[in-house]
Amino acid sequence: MSKLTDTYTLSNGVKIPQLGFGTWQVPASIAQRAVADALKAGYRHIDTAKAYHNEREVGLAIKASGLARSDVFVTTKLPAETKTYEGALKDFESSMQALDLDYVDLYLVHAPWPWAKAGTNYDQENREVWRAMEEIYQSGKAKAIGISNFGVHEMENVFADATVKPMVNQIRYFIGNTEPAVTKFAQDAGLLVEAYSPLATGRLIGNDRIQAIADQYGVTTAQLAIRFCLQNGVLPLPKASHLEHAQNNADVDGFVISDADMALLNSWQ
Ligand SMILES: NC(=O)c1ccc[n+]([C@@H]2O[C@H](COP(=O)([O-])OP(=O)(O)OC[C@H]3O[C@@H](n4cnc5c(N)ncnc54)[C@H](OP(=O)(O)O)[C@@H]3O)[C@@H](O)[C@H]2O)c1
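Residues numbered from 1 in each chain as written. Predicted model: local features only at pLDDT ≥ 70, side-chain atom pairs only at ≥ 80, totals over all residues. Heavy atoms only, no water.

Here we look at the pairing of strand 5 (residues 73-78)
Note the threshold: Buried residues are those whose accessible area, probed at 1.4 Å on protein chains only, stays under 20% of the maximum for their type, while exposed residues exceed 50% and partly exposed ones sit between those limits. Only DSSP runs of H or I covering at least 4 residues are called helices, and only runs of E covering at least 2 are called strands; the numbering of each starts at the N terminus. Any two strands with at least two DSSP-identified bridges between them are counted as paired. Here a crossover is taken to be right-handed if, once the strands point away from the viewer, the path from the first strand over the helix to the second is traced clockwise.
Strand 5 sits mainly inside the fold: 6 of its 6 residues count as buried. Pairing analysis gives 3 bridges linking strand 4 (residues 45-47) to strand 5, with the strands arranged parallel. Looking at strand 5, one finds that Ile46 is bridged to Val74. Between the parallel pair strand 4 and strand 5, the chain is carried across by helix 2 (residues 55-64), and the sense of this crossover is right-handed. One ladder, built from 4 bridges, connects strand 5 with strand 6 (residues 106-109); its direction is parallel. Following the sheet pairing, Leu78 is matched in strand 6 by Val109. Chirality of the crossover, the property in question, places the unit of strand 5, helix 3 (residues 85-99) and strand 6 among those that are right-handed.

Observations regarding the layout of surface pockets
How we decide: In this analysis, the protein atoms alone were mapped onto a 1 Å grid. Cavities are point sets where a 1.4 Å probe fits without being able to get out; pockets are open sets with protein on both sides within 12 Å along at least five of seven lines; lining residues have an atom within 4 Å of a point. Grid points are joined across faces, edges and corners, and a volume is the space filled by probe spheres set on the points. Three categories are distinguished: nonpolar for Ala, Val, Leu, Ile, Met, Phe, Trp, Tyr, Cys and Pro, charged for Asp, Glu, Lys and Arg, and polar for the others, with Gly belonging to the last.
Of the voids in this model, the largest pocket is the one considered here, and its volume is about 700 Å³. What lines the largest pocket is a set of 34 residues, and nearest its centre among them are Trp24, Ser197, Thr201, Leu237 and Lys239. The biggest single contributor to the lining of the largest pocket is helix 9 (residues 243-250), with 3 residues. Counted by class, the lining of the largest pocket contains 13 nonpolar, 18 polar and 3 charged residues. Approximately 170 Å³ is the volume attributed to the second largest pocket. For the second largest pocket, the full set of lining residues is Thr7, Val14, Lys15, Pro17, Arg44, Ser70, Asp71, Val72, Phe73, Asp105 and Lys143. Of the residues in the lining of the second largest pocket, the class split is 4 nonpolar, 2 polar and 5 charged.

Take a look at the structure:
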């Protein structure tokens, strides 16, 4: 058994490999190689976005891998700036063309607001966008749909009108930044929480205090940080452009963080 192939089950019954491979800031020039390496290393879940400008390379790597399409879980995302029904349908089609796949496994609204307007209210627009997401889901071209960076208010807003509830909320989540209110609200509502930046975009790696705990288990800080997400029932999406990092991050089955250390890490300051 491996966390690369063990699955969580989404509220609609779709199975999702418990550990994903992130591709933010993986430039198109190396994305095909990085994703191909990850697939060779056993990853079966790739997280991209239209905004990452590497969907084409992700699609090429999957096709060249020789793996059955059904053996790889692919997530992409609607740009945060797209806040109309028509715009959402159009952007989805452009992602499908870039990926050149028949379907995606998960399609997410990247954020509740355009990045330049983070924190402002887009309630009405998000309900409109969600109608498009539901239509995409009903078409079968996305096996599951969800949201990213949504807080409690923004989730309540979408839930109020939804005929299909989001299955996932992908949030910034790592040791010291576990967003307890958002995580609990999402999980109580039946959403799977995905952890983006599970290594704090690399900043956890050199943390001496976390290293000291990792040393007790004979693992790297990255492995400890990934295992921490998994033991909280959250799905980590570490990014690694270096193969040795991707391999290290996948090797998290051989140890269990004790309850006492989980409590310590869950209250990390
Ligand atoms: N929904 C959103 O708004 C959103 C936002 C941010 C991220 N994400 C998703 O989450 C993924 C991960 O987040 P992230 O890209 O911020 O970064 P991250 O996974 O938290 O950290 C990646 C950094 O850690 C390094 N690293 C990885 N494994 C390592 C290891 N075993 N030992 C030492 N260093 C290691 C990587 O180096 P190398 O690359 O050099 O190997 C890279 O510099 C993204 O790629 C994306 O798919 C989503």
